[in-house]
Amino acid sequence: MKIISVIGAGQMGAGIAQVSAAAGYDVLLSDINIEQANLGKQGIEKQLSRLISKEKMDAKTADDILGRIQCIGDYAPLSNADLVIEAATEREEIKRNIFDAVGKVIGKDAILASNTSSIPITRMAQAAPDPSRFIGVHFFNPVPIMGLIEIIRGLATSDETVTAITDYGKKLGKKLVFANDAPGFIVNRVLMPMINEACFALGEGVANIQDIDTACQLGLNHPMGPLTLADFVGLDTCLEITKILFHSTGDSKFRPAPILQKYVEAGWLGRKTKRGFYDYSGEVPVPTR
Ligand code: 3HC
């Protein structure tokens, strides 16, 4: 593999583009338009500048990484890609439309992968040109820092596709785990019920935002409390994954907490909208309750 295409230049897509370029791959980065793709690349530049200022990277290495990332405004250049990773919004319809469009231009040996956090791989493979070359490759936020990739094979995914993705993940220096195509795979199956339960605890008045977070952060030795983490991941993403867990299992233990739904309805989606459980408009995040 030499050329990787990343579709979606948000938090996850930009992170995937960054680590892929850092591992020596040429990267084609796209989004709904070239301006959005350029914004994603600017974010990567900022991350690399931070590393330079901390003397964790030299300027030449950062330039080389950026030089390997090309922003594109349409899918035509994807005909040269060996691997296409979709990292768009966590909505099945959006992802299917992308697979459909990409499927018309990619080469017959190219692999199509989705960074979905919870949508079934076997089902989405139906929208791919060849389900045997379709696979789940789930990164974690922030991608350059988090050491894990979950690899999820669908029913039709071939051994060759698994081997190729395994080689790619190893080249990025990540630890790989293999999950079956079950709702939420491994991490979100465990994480989202915790975040959802923290939302129930908040809604039921067990404690305020700060104390729920402090309790879990220090009491469980987690890097962030669950409500801070929810804001970090995006409350819309947390809700979407929780709904998928709930609807696909039918198990009431996964029912979304009302407060999580309300915040999403209000457009309070976490850090990305500058307000979620915390207000991010000032220097330091302030709890909103
Ligand atoms: N991008 C790149 N690097 C980042 C970053 C970002 N967004 N945020 C922080 N970092 C780097 C910092 O530069 C710093 O690097 P250094 O050690 O080389 O100086 C390092 O991470 C530590 O950062 P800070 O000192 O600023 O702050 P923290 O010690 O609080 O760490 C954190 C920040 C790494 C984000 C840490 O709080 C953490 O690990 N949080 C949990 C993250 C997590 O659970 N992610 C998974 C979410 S679930 C998911 O992604 C799945 C999806 O499907 C929902």
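Conventions we followed
- Residues numbered from 1 in each chain as written.
- Predicted model: local features only at pLDDT ≥ 70, side-chain atom pairs only at ≥ 80, totals over all residues.
- Heavy atoms only, no water.
- Patch = residues over 30% accessible without salt bridge, like charges linked within 9 Å, V, L, I, M, F, W, Y side chains within 5 Å.
- Areas by Shrake-Rupley, 256 points an atom, 1.4 Å probe, with all protein chains shown as cover.
- Salt bridge = Lys/Arg side-chain N within 4 Å of Asp/Glu carboxyl O.
- Lys, Arg positive; Asp, Glu negative; His and termini not counted.
- Charge placed at Lys NZ, Arg CZ, Asp CG, Glu CD.
- Helix = DSSP H or I, 4+ residues; strand = E, 2+ residues; numbered from the N terminus.
- Phe/Tyr/Trp six-rings, centres within 6.5 Å; stacked < 30°, edge-to-face > 60°.
- Buried < 20%, exposed > 50% of the residue type's maximum accessible area, 1.4 Å probe, protein only.
- Right-handed = clockwise from strand over helix to strand, strands pointing away.
- Pairing = 2+ DSSP bridges.

The chain is annotated in an unreviewed UniProt entry as 3-hydroxybutyryl-CoA dehydrogenase from Sphingorhabdus lutea.

Colleague: Which parts of the structure should I look at to understand a positive patch on the surface?
Modeller: Judged by side-chain charge, K46, R50, K54, K56 and K274 come together as a positively charged surface patch. Considering the arrangement of structural elements, one finds K54 in the loop between helix 2 (34-53) and helix 3 (59-67).

Colleague: In this structure, what is going on with the packing of aromatic side chains? I would like to understand it.
Modeller: For any pair of aromatic rings, the description rests on two quantities: the centre-to-centre distance and the angle between the ring planes. Under the counting rule described, the total for this entry stands at 5 aromatic pairs. A centroid spacing of 6.4 Å and a plane angle of 50° characterise the contact between Y278 and Y280, whose relative ring orientation is tilted. Neither Y278 nor Y280 differs from the other in exposure class; each is buried. Here the aromatic cluster, defined as three or more aromatic residues joined through ring pairs, consists of Y263, W268 and F277.

Colleague: How should the pairing of strand 5 (residues 111-114) be read in this particular structure?
Modeller: When a strand is regular, its side chains alternate between the sheet's two faces. Here strand 5 shows two buried faces, one formed by I111 and A113 and the other by L112 and S114. Note on the crossover from strand 4 (residues 83-86) through helix 4 (residues 92-103) to strand 5: the handedness is right-handed. Note: strand 5 against strand 6 (residues 134-138), 3 bridges, orientation parallel. If you follow A113 over to strand 6, its bridge partner there is I135.

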